[in-house]
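What the coordinates show
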Amino acid sequence: MLMPVDPGHDWSVTPKEAIALQRILAARVHLQSGPKQVRCVAGVDTGFVDHGRMARAAVVVLSFPELVPLETRIALEPTPFPYIPGLLSFRELPVVLHALEKLSILPDLVLCDGQGIAHPRRLGIAAHLGVVTGLPTIGVGKSRLIGDYREPGMEKGCVAPLMDAKQRIGTVVRTRRAVRPLFISPGHRTDHVSAVEWTLACTGRYRLPEPIRMADRVASARRGSERNSVR
DNA sequence: GCGACAG
DNA sequence: ATCTTGTCGC
């Protein structure tokens, strides 16, 4: 249990309290050049079971740059909060933190499914996770929450800035030729440039970077894994 | 009031 | 997120 057991703050809040909390926590986000060396990178994602009543978080730690999975942990708990655009972290982070606590390996960087600072109050789930754990994080969104942008080129590696209120809040990145782009934004202790660099460094033949892909697979897997491994 | 809206 | 098989395209 190398990860902080400290929940960071009270998670039983109302939507109004959650928004007020985001405004406070957003001031603690640090945009920096990112970690100098990354020996292992983690990917986190959450899936839902039983009609959304249970939340299952998965965290997978991979070696870098080999991207070989080293450790996988899961946490399953009752879903604590409804899905409200802009308040996703209050629904998914509690169980994600419990999955992270089970790790024996401390990751140097964490890729999170969802936005970083590309959020109305600049505190998407990746930024929130970073502030609470102190770990460098990057937000990897599969679609846009807020912000305007020009469609990036169709080749892998093409990028376009994601803007809101005349400020840059992220980067729209084509991680694979001719596929929908990803919305990359700094979470905590990373910046626009490093967030895109690390994301591409973790991306192979697929649209999603390996850490996210692997966590996704585990979090969304049918009970056990009979529909996959077996047969 | 109307439209948008991560997972 | 989740409900769900085969199928079109590179």
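Residues numbered from 1 in each chain as written. Chains lettered and ligands numbered in written order. Predicted model: local features only at pLDDT ≥ 70, side-chain atom pairs only at ≥ 80, totals over all residues. Heavy atoms only, no water.

A closer look at the confidence of the model for chain A
- In this model, chain A carries an average pLDDT of 94, and 94% of its residues clear a pLDDT of 70 or more.
- Note that residues 225-231 has pLDDT below 50 and, in this model, three contacts with residues that lie over four places away or in other chains. (pLDDT = per-residue confidence, 0-100. Contact = heavy atoms within 4.5 Å.)

A word on the pattern of salt bridges
- Under the defined criterion, the tally for this structure stands at seven salt bridges.
- Glu71 is paired through a salt bridge with Arg73; the nearest N and O atoms lie 2.9 Å apart.
- Residue Glu71 is classed as buried on the basis of its relative accessible area, which comes to 6%.
- On the basis of relative accessibility, which here comes to 33%, the residue Arg73 falls in the partly exposed class.
- A salt bridge links Asp113 to Lys142; the shortest N-O distance between them is 3.0 Å. In this pair, Asp113 is assigned in strand S4 (residues 109-113) and Lys142 in the loop between strand S5 (137-141) and strand S6 (159-164), connecting sequence segments 29 residues apart.
- The buried category is assigned to Asp113, whose relative accessible area is 11%. (Salt bridge = Lys/Arg side-chain N within 4 Å of Asp/Glu carboxyl O. Buried < 20%, exposed > 50% of the residue type's maximum accessible area, 1.4 Å probe, protein only. Helix = DSSP H or I, 4+ residues; strand = E, 2+ residues; numbered from the N terminus.)

So, the packing of aromatic side chains
- Evaluation of the coordinates by the stated rule reveals four aromatic pairs.
- An angle of 55° between the planes, with centres 5.6 Å apart, marks the rings of Trp11 and Phe90 as tilted. Of the two residues, Trp11 is situated in the segment before helix H1 (15-26) and Phe90 in helix H2 (residues 89-101); the sequence distance between them amounts to 79 residues. Each member of the pair, Trp11 as well as Phe90, carries the same accessibility label: buried.
- Ring-pair connections join several aromatic residues into one group, and the members of that group are Trp11, Phe81 and Phe90.
- The cationic tip of Arg91 hangs over the ring face of Phe48; the distance from NZ or CZ to the ring centre is 4.2 Å.
- The aromatic ring of Tyr206 is capped on one face by Arg213, whose charged end is 3.7 Å from the ring centroid. (Phe/Tyr/Trp six-rings, centres within 6.5 Å; stacked < 30°, edge-to-face > 60°. Lys NZ or Arg CZ within 6 Å of the ring centre and 35° of its normal.)

Thoughts on the protein's contact with DNA strand B
- DNA strand B sits among 17 residues. The nearest are Tyr83, Gly86, Lys142, Ser143 and Arg144.
- Each atom of DNA strand B within 4 Å of the protein belongs either to a base or to sugar and phosphate, the latter forming 51%.
- Contacts to DNA strand B include Ser143, whose side-chain N or O atom sits 2.9 Å from a phosphate oxygen.
- Between DNA strand B and the protein, one listed contact pairs a phosphate oxygen with a side-chain N or O atom of Arg144 at 2.7 Å.
- Residues belonging to the surface near DNA strand B are distributed by class as follows: six nonpolar, six polar and five charged. (Near = heavy atom within 4 Å. Polar contact = N/O pair within 3.5 Å; in protein donor to acceptor, adjacent residues only side chain to side chain. Nonpolar A, V, L, I, M, F, W, Y, C, P; charged D, E, K, R; others polar.)

Remarks on the pairing of strand S7 (residues 167-173)
- Among the seven residues that make up S7, five are buried, leaving the element largely enclosed by the rest of the structure.
- Pairing of S6 with S7, which is carried by six bridges, proceeds in the antiparallel orientation. Across the sheet, residue Ala160 finds its bridge partner in S7, namely Val172.
- Linking S6 back to S7 in an antiparallel pair, the connection comprises two residues, with Ala165 at a positive phi of about 55°. (Pairing = 2+ DSSP bridges.)

Structural notes on helix H3 (residues 125-133)
- In terms of residue burial, H3 counts as a mostly covered element, since nine of its nine residues are buried.
- All of the buried residues in H3 are Ile125, Ala126, Ala127, His128, Leu129, Gly130, Val131, Val132 and Thr133.
- Buried residues along H3 sit against H1, strand S1 (40-49), H2, S4, S5 and strand S8 (182-188).

Details of the nonpolar core
- Grouped together as the largest cluster of nonpolar side chains are 35 residues, with contacts concentrated most on Val44, Val59, Phe90, Val96, Leu100 and Leu129.
- Core analysis: the next-biggest nonpolar cluster, separate from the first, contains 24 residues, Trp198, Cys202, Ile212 and Val218 among them. (Core = buried A, V, L, I, M, F, W, Y, C linked by side-chain atoms within 4.5 Å.)

A short note on unusual backbone geometry
- In this model, Phe64 is joined to Pro65 through a cis peptide bond whose omega is 10°.
- Within the fold, Pro65 resides in the loop between strand S2 (54-63) and strand S3 (69-78).

Some details on the layout of surface pockets
- Its boundaries defined by the atoms lining it, the largest pocket holds a volume of some 400 Å³.
- Along its surface, the largest pocket is lined by 22 residues, and Tyr83, Leu88, Gly114, Gln115 and Ser143 are the ones closest to its centre.
- In terms of residue count, H2 provides more of the lining of the largest pocket than any other element does, three residues in total.
- Across the lining of the largest pocket, the residue classes tally to eight nonpolar, nine polar and five charged. (1 Å grid on protein atoms, 1.4 Å probe; cavity = no way out; pocket = protein on both sides within 12 Å on 5 of 7 lines; lining within 4 Å. Points joined across faces, edges and corners; volume = space filled by probe spheres on them.)

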